[in-house]
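Listed here are the chains, written in short residue letters.
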Amino acid sequence: MPHFTLIQGSLRKDSRTALLIDATADILQKNNVETSVIDLRSIDMQFCDARKIEEYNSDIQKAYDILKQSDAYMFGMPVYCYSVSGPLKNFIDITSGAMSKKIAGILCNSGGVRSFLAAADLMKILSFESNVTTVQPIVHAYADDFQSGQIFNEDILKRIEKLALAMLHDL
Ligand SMILES: Cc1cc2nc3c(=O)[nH]c(=O)nc-3n(C[C@H](O)[C@H](O)[C@H](O)COP(=O)(O)O)c2cc1C
């Protein structure tokens, strides 16, 4: 059974990226995929200072090991200042060594409808640093796709499923 790790990159309490990650976990489980979720709100995050992975705390080492054992990743990426959010970039700076030559999907979540190109920054980071190939098309959601703390635009769920199936096909 393939194993996907879902990385939720927002630290906000009522995160919309987290809703996308929850929906993706459901879709993957329905397709018989084993899933792990690394929600950056629930780990004791440290700043990357170029120390060895063994010198970070146990939460980070555990996350590193999960990433290393996974076949594929889904990145829930909040858009900050037209790019990857700082916490997610920091997490990747620490763990990029665990992800070598795997595949990834991107769930790019922004306030504005035109901010989807921020996902290109994440694609570049994953590709250049970890030789991780991102499967296209990415899923982009923005503020109007959500209502009352839920995903309102059901097309988003269809796009997530399409991306998940494309990734399973590529494994
Ligand atoms: C510091 C900061 C910078 C942001 N920059 C952008 C941006 O450049 N473009 C955009 O469309 N939305 C931007 N947003 C809006 C977020 O992408 C949006 O609120 C999104 O829902 C955040 O994800 P979350 O709900 O999972 O926390 C920004 C939000 C914050 C807090």
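Residues numbered from 1 in each chain as written. Predicted model: local features only at pLDDT ≥ 70, side-chain atom pairs only at ≥ 80, totals over all residues. Heavy atoms only, no water.

Draft legend 1. Inspection of the environment of isoleucine 66 at higher detail. By the secondary structure assignment, isoleucine 66 is in helix H2 (residues 58–69). With 32 residues separating them along the chain, isoleucine 66 and alanine 98 place their C-alpha atoms 8.6 Å apart. (Helix = DSSP H or I, 4+ residues; strand = E, 2+ residues; numbered from the N terminus.)

Draft legend 2. Spatial organisation of the site of the ligand. Of all residues adjacent to the ligand, which total 15 residues, the nearest are Ser10, Ser15, Thr17, Val79 and Ser115. One of the backbone nitrogen or oxygen atoms of glycine 112 is found 2.8 Å away from an oxygen atom of the ligand. Its free accessible area being 630 Å², the ligand has 73% of it covered by the protein chains. For the shell around the ligand, the leading source of residues is strand E3 (residues 72–80), giving 3 residues. Considering only residue class, the shell around the ligand consists of 5 nonpolar, 8 polar and 2 charged. (Near = heavy atom within 4 Å. Polar contact = N/O pair within 3.5 Å; in protein donor to acceptor, adjacent residues only side chain to side chain. Areas by Shrake-Rupley, 256 points an atom, 1.4 Å probe, with all protein chains shown as cover. Nonpolar A, V, L, I, M, F, W, Y, C, P; charged D, E, K, R; others polar.)

Draft legend 3. Geometry of unusual backbone geometry. Residues glutamine 136 and proline 137 are joined by a peptide bond in cis, for which omega reads -5 degrees. Topologically, proline 137 is positioned in the loop between strand E6 (133–134) and strand E7 (139–142). We note that cysteine 81 has phi near 50 degrees; this positive angle belongs to a residue other than glycine. In this structure, cysteine 81 sits in the loop between E3 and strand E4 (83–84). On the basis of relative accessibility, which here comes to 77%, the residue cysteine 81 falls in the exposed class. Backbone geometry places asparagine 131, a non-glycine residue, at a positive phi of 55 degrees. Within the secondary structure, asparagine 131 is located in the loop between helix H4 (119–130) and E6. (Buried < 20%, exposed > 50% of the residue type's maximum accessible area, 1.4 Å probe, protein only.)

Draft legend 4. Main features of the pairing of E3. With 8 of 9 residues buried, E3 is to be regarded as a mostly interior element. As paired elements, strand E1 (residues 3–8) and E3 share 5 bridges and run parallel to each other. Across the sheet, residue threonine 5 finds its bridge partner in E3, namely tyrosine 73. Sheet topology note: the E3/strand E5 (residues 103–110) ladder contains 7 bridges and is parallel. In the sheet register, methionine 74 faces E5, and the bridge partner there is glycine 105. With 2 bridges connecting them, E3 and E4 associate as antiparallel partners. (Pairing = 2+ DSSP bridges.)

Draft legend 5. Geometry of the packing of H2 against helix H3 (residues 86–95). The geometry of H2 relative to H3 is characterised by a closest axis approach of 10 Å and an angle of 70 degrees between their N-to-C directions. Considered as vectors, H2 and H3 are oriented roughly perpendicular to each other. Contacts from Ile60, Ala63, Tyr64 and Leu67 in H2 reach Phe91, Ile94 and Thr95 in H3. Of the residues in the contact of H2 with H3, the class split is 6 nonpolar, 1 polar and no charged. (Axes fitted to C-alpha atoms, helices over the stretch in contact; angles between N-to-C directions. Parallel < 35°, antiparallel > 145°, perpendicular 65-115°, else oblique. Contact = heavy atoms within 4.5 Å.)

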